[in-house]
Amino acid sequence: MAQWIFRLKGCLGSKVYSEVPDGGWGWIVAVAFFLVEMFTYGVIKSFGIFLKDLMSDFEESNSRVSWIISICVFVMTFTAPLSSVLSNRFGFQPVVMLGGFLISLGTISTAFTSSINQMYLSIGIVTGLGYCLTFLPTVTILSQYFSKRRSVVTAMASTGESFAIFAFAPAFTALKNCIGWRYTMVVIGTLQGIIIVCGALLCPIVIKPKTSPTETEQKITYSLPEEQMQGSVCSGDSGVQSLDELERSLKFRKEQEEAEPLQILPKQQDTTSKNKLLDLTVLKEGSFLCYSAFGLFATLGFFAPQLYVVELSASLGTERDKAAYMLSTMAIAEIFGRLSIGWVLNWGHFRKIFVLLVCVSLMCLVLLLFTVVNGFWGLAVCCVLYGFLLGNIASTHIPMLAEDDVVGIQRMPLAVGVYVCIQSFAGLAGPPLGGVLVDITQKYSAAFYSCAVGMGLGAVFLGLVRPAKTGHLCTRRNTGWNKPMGEQVAKDKEEFQELDNQDIKS
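Residues numbered from 1 in each chain as written. Predicted model: local features only at pLDDT ≥ 70, side-chain atom pairs only at ≥ 80, totals over all residues. Heavy atoms only, no water.

Some thoughts on the packing of aromatic side chains
One pair of aromatic rings is described through two measures. These are the centre distance and the angle between the planes. Note the cut-off: Side-chain rings of Phe, Tyr and Trp, where Trp is taken by its six-membered ring, are said to pair if the distance between their centres is within 6.5 Å; with planes under 30 degrees apart they count as stacked, over 60 as edge-to-face, and otherwise as tilted. Numbering of helices and strands starts at the N terminus; helices are DSSP runs of H or I of at least 4 residues and strands are runs of E of at least 2. Burial classification: accessible surface area is computed with a 1.4 Å probe over protein chains only, and a residue below 20% of its type maximum counts as buried, one above 50% as exposed, and the rest as partly exposed.
Taken as a whole and assessed by the stated rule, the structure comprises 18 aromatic pairs. Seen from their ring centres, F39 and F168 are 5.6 Å apart, and the 40 degrees between their planes marks the pair as tilted. Of the two residues, F39 is situated in helix α2 (residues 26-39) and F168 in helix α10 (residues 160-179); the sequence distance between them amounts to 129 residues. For the pair shown, F39 and F168 are each scored as buried. The interplanar angle of 5 degrees and the centroid separation of 5.7 Å between the aromatic rings of F297 and F461 together place this pair among those described as stacked. Residue F297 is located in helix α17 (residues 286-298), and its partner F461 is located in helix α24 (residues 445-463); the two are separated by 164 residues in the primary sequence.

Here is the structure:
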């Protein structure tokens, strides 16, 4: 028994690499992320099959029942900073396993509820908190295992959500007709226990660069200038003490040069996780603020098609049975969108944030196109375009935080919680805003207009991310010329180094 536990601990312990592996145990993490996507977002998007049953059993209105998912999504996104704090304090594995337990507990307990208010607690709060503790840590550690293939692997793994819509909706509908919605909830909660196993597979990654002691000693010996060696003897100081100090200095510089190109620094990561559990300093960076504003406004454009496309299609004369195929069309196109954007970003010929900007701009145009087309085929084309672009954006906007244009891979685990928390407000306000506009205008196209405006504002802020990062948005006047802050800081560093070298020589 002890030997088995030792082997299990070695298998699920930290994975040590000399550089970012772009594979290895990362493929296991990718499969775990695929399953997490299936049993989190896949279940959330399939929950609509229970709406009529809940309305009839509890004698509640459609809006009251719809608040179950709204509360769940809000809790999942608003508590994202808590996920970051716990992950940085205790690690990814225990946090995701705890989240999987809460998801199963909340879903199974729903079968024993007697009012809609109790479901607000079980599904909305308990399960929503579990979703928060599982999704963000999984996508974060997946980004750490990959560098060159990060985009394509993340895109492929994120298709679990789309595949789940195809598999779960008909399967749960058939199961509900056989055993009822309460026992179906028990089955779903039991299946969601797979997330606990997925959490155990999220082994932390440690990067230790290969160093040769012989080469280090030779480099230190040959790098000593002759006049410095003579000065150590002629000066009043002890020659051994001077050589030791210089040796430590050169060794420190060599370690810095070797560790600089690496994506993950174990010592720095450990120190950061101990001293700073939640990185709120990212709110001082213009690039992160612009990117968060993009996420806030773009989220407004994600809800209208799924909620209102069937009703919009029916209002234009399409039969309701055919109108239901619009959602299936979106899901199919979303799969291709997630896969294609991964290959494009992995190609490496275009800056990733610019590719995302093009997708967001096209999404704004497609949302406007929904309001002018007529007939089944016109809406079907819009659904294909929307689903494809939705797959592009949904699979890249969170991993994009790992790019240097935003915050970088080292600060992503600390910043992702803040980013998703900011998004939560748009997720909570978006559906009610669209509903109010539809009630006022009596036209479903009004909801699409509001989404197009939000997506357009998101595109504007996304276009400002890189200028804010490079310093072109923040300039100061120096000797009659406006220079970016980044260039000025680099110039100051060079001048300081020159003065330091002069002091050493003197």
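Anyway, onward from the coordinates.
Digging into a nonpolar patch on the surface
Formally: Patch construction takes residues with relative accessible area above 30% that form no salt bridge. Like charges are linked within 9 Å, and nonpolar side chains (Val, Leu, Ile, Met, Phe, Trp, Tyr) are linked within 5 Å. For the accessible areas, the method is Shrake-Rupley and the probe is 1.4 Å, while residue cover comes only from the protein chains on display. By salt bridge we mean one thing: a side-chain nitrogen of Lys or Arg within 4 Å of a carboxyl oxygen of Asp or Glu.
A grouping of I179, Y183, V187, L191 and I194 is seen on the molecular surface, where their side chains present a nonpolar patch of about 420 Å² in accessible area. Element by element, the count of residues in the nonpolar patch is highest for helix α11 (residues 181-191), at three residues. Topologically, I179 is positioned in helix α10. Given the relative accessible area of 36%, I179 is considered partly exposed.

Some remarks on the nonpolar core
For clarity, the threshold we go by: Among buried residues, those of type Ala, Val, Leu, Ile, Met, Phe, Trp, Tyr and Cys that are joined through side-chain atoms within 4.5 Å constitute a nonpolar core.
Counting 109 residues, the largest nonpolar core has L54, I68, Y291, F370, I398 and L401 as its most contacted members. Element by element, the count of residues in this core is highest for helix α8 (residues 116-145), at 12 residues.

Thoughts on unusual backbone geometry
With a phi angle near 55 degrees, D22 is a residue other than glycine that sits in the positive phi range. You can see D22 is positioned in the loop between β1 (15-17) and α2. A positive phi angle, close to 60 degrees, is found at Q442, a residue other than glycine. When its relative accessible area of 63% is taken as the criterion, Q442 is described as exposed.

A closer look at helix α23 (residues 412-441)
The test is simple: Multiplying one less than the number of residues by 1.5 Å gives the expected span of a helix. Working definition for bend: take the seven residues up to and ending at a residue and the seven starting at it, fit an axis to each, and measure the angle between the axes.
In this model α23 runs 42 Å from its N-terminal to its C-terminal C-alpha over 30 residues, within 8% of the 44 Å that 1.5 Å per residue would give. Where α23 bends most, at A429, the angle is about 30 degrees, and the proline P431 comes one to four residues later. One or two residues past the end of α23 sits Q442, with phi positive at roughly 60 degrees.

Here's the deal with the packing of helix α9 (residues 150-157) against helix α20 (residues 325-347)
Rules: What counts as an axis is a line fitted to C-alpha atoms, over the stretch in contact for a helix, and the angles between N-to-C directions run from 0 to 180 degrees. We call two directions roughly parallel when the angle between them is under 35 degrees, roughly antiparallel when it is over 145, roughly perpendicular when it lies between 65 and 115, and oblique otherwise. Any pair of residues with heavy atoms lying within 4.5 Å of one another is described as a contacting pair. Under the scheme applied here, ten amino acids are nonpolar (Ala, Val, Leu, Ile, Met, Phe, Trp, Tyr, Cys and Pro), four are charged (Asp, Glu, Lys and Arg), and all others, including Gly, are polar.
As a packed pair, α9 and α20 sit with axes 7 Å apart at the nearest point and diverge in direction by 175 degrees. Taken as axis vectors, α9 and α20 run roughly antiparallel relative to one another. For the pair α9 and α20, contact is made by S151, V152, A155 and M156 and by R338, L339, I341, G342, W343, L345 and N346, respectively. In the contact of α9 with α20, the residues fall into seven nonpolar, three polar and one charged.

Everything listed here is a matter of geometry and, on its own, says nothing about what the molecule does.
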